[in-house]
Amino acid sequence: MEYDSLSIIFNCLNKNGIIIIHDYYDIIDFIIKYWKKKHIFTYNKELFDFQHKTINGYNFIISRSDTNEINGILGFIPNSQYDDEITTLQIWLALWKINTEKSTPGLGFLLIKYLEDNFNSNAITVNGVNNSVINLYKLMGYKTGVLNHFYFTNPFFIDFKIC
């Protein structure tokens, strides 16, 4: 597939498809402008690094407009991010956002397609999706469903506080 045919520039990718470190600030700026000003990644770099930083950069695929502004991001977390002994690659999608004012229609799809085509994973999974993208996942052939949530309470803890 020819990704450049829609004037989409996937620059700043190293040979492994991971963005290089100097793009961290561009990603945070994009999150502030187009996702949520007080997203936890905007003020907690330690968490951002824990989830996405590797020795080669960050696990993000970004698209830039012809003016070099980020117009789409797709964060992902390989299951090997936390365990080097895992040999079967499974990718968890994380932060997927497009600036619809500065992108070509279909850019979000192309970011996921780029991930599928360039990373040899056995599965691409996501948890906690926005309802507006469920039909897109179905169109792409992904299986969707609802997870049951379970929890245990600590009988020795009295003052429960949930976010």
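It should be noted that the structure appears before, not after, this text.
Residues numbered from 1 in each chain as written. Predicted model: local features only at pLDDT ≥ 70, side-chain atom pairs only at ≥ 80, totals over all residues. Heavy atoms only, no water.

### Considerations on the layout of surface pockets
To find leftover empty space, a probe the size of one water molecule is rolled over the atoms.
Phase 1: Taken as a whole, the largest pocket holds about 590 Å³ of empty space.
Phase 2: Lining the largest pocket are 21 residues, and of these Trp-35, Trp-96, Lys-97, Asn-130 and Val-133 sit closest to its centre.
Phase 3: Looking at the lining of the largest pocket, the elements that each hand over two or more residues are strand E3 (90-98) and helix H5 (134-139).
Phase 4: Per-element tally for the lining of the largest pocket: the top contributor is E3, with six residues.
Phase 5: Here the lining of the largest pocket is built from residues that sort into 12 nonpolar, seven polar and two charged.
Phase 6: Approximately 460 Å³ is the volume found for the second largest pocket.
Phase 7: Among the elements of the structure, strand E4 (123-125) and H5 are those that each provide at least two residues to the lining of the second largest pocket.
Phase 8: Tallied by class, residues from the lining of the second largest pocket come to nine nonpolar, seven polar and one charged. (1 Å grid on protein atoms, 1.4 Å probe; cavity = no way out; pocket = protein on both sides within 12 Å on 5 of 7 lines; lining within 4 Å. Points joined across faces, edges and corners; volume = space filled by probe spheres on them. Helix = DSSP H or I, 4+ residues; strand = E, 2+ residues; numbered from the N terminus. Nonpolar A, V, L, I, M, F, W, Y, C, P; charged D, E, K, R; others polar.)

### With respect to unusual backbone geometry
Phase 1: For Asn-68, which is not a glycine, the phi torsion comes out positive at approximately 70°.
Phase 2: One can find Asn-68 in the loop between strand E1 (60-64) and strand E2 (70-78).

### So, the packing of aromatic side chains
Phase 1: Tallying each qualifying case throughout the model produces 11 aromatic pairs.
Phase 2: Here the aromatic rings of Phe-30 and Tyr-34 are separated by 5.0 Å at their centres, their planes lie at 45°, and the arrangement is tilted. Residue Phe-30 and its partner Tyr-34 are both found in helix H1 (residues 24-34); the two are separated by four residues, about one turn of the helix.
Phase 3: With a relative accessible area of 28%, Tyr-34 lands in the partly exposed category. (Phe/Tyr/Trp six-rings, centres within 6.5 Å; stacked < 30°, edge-to-face > 60°. Buried < 20%, exposed > 50% of the residue type's maximum accessible area, 1.4 Å probe, protein only.)

### Section: the pattern of salt bridges
Any two side chains of opposite charge can pair if their charged atoms end up close together.
Phase 1: Under the definition given, this model contains five salt bridges.
Phase 2: For the salt bridge of Lys-33 with Asp-29, the shortest nitrogen-to-oxygen distance reads 3.2 Å. Taken together, the positions of Lys-33 and Asp-29, both in helix H1 and four residues apart, correspond to about one turn of that helix.
Phase 3: Judged by relative accessible area, Lys-33 falls into the exposed class, the value being 53%.
Phase 4: The closest approach of N and O atoms between Lys-113 and Asp-117, which form a salt bridge, is 3.3 Å. Of the two residues, Lys-113 and Asp-117 both sit in helix H4 (residues 107-118), four residues apart, roughly one turn of that helix.
Phase 5: Judged by relative accessible area, which is 22%, Lys-113 ranks as partly exposed. (Salt bridge = Lys/Arg side-chain N within 4 Å of Asp/Glu carboxyl O.)

Any functional reading would require information beyond the geometric quantities listed.
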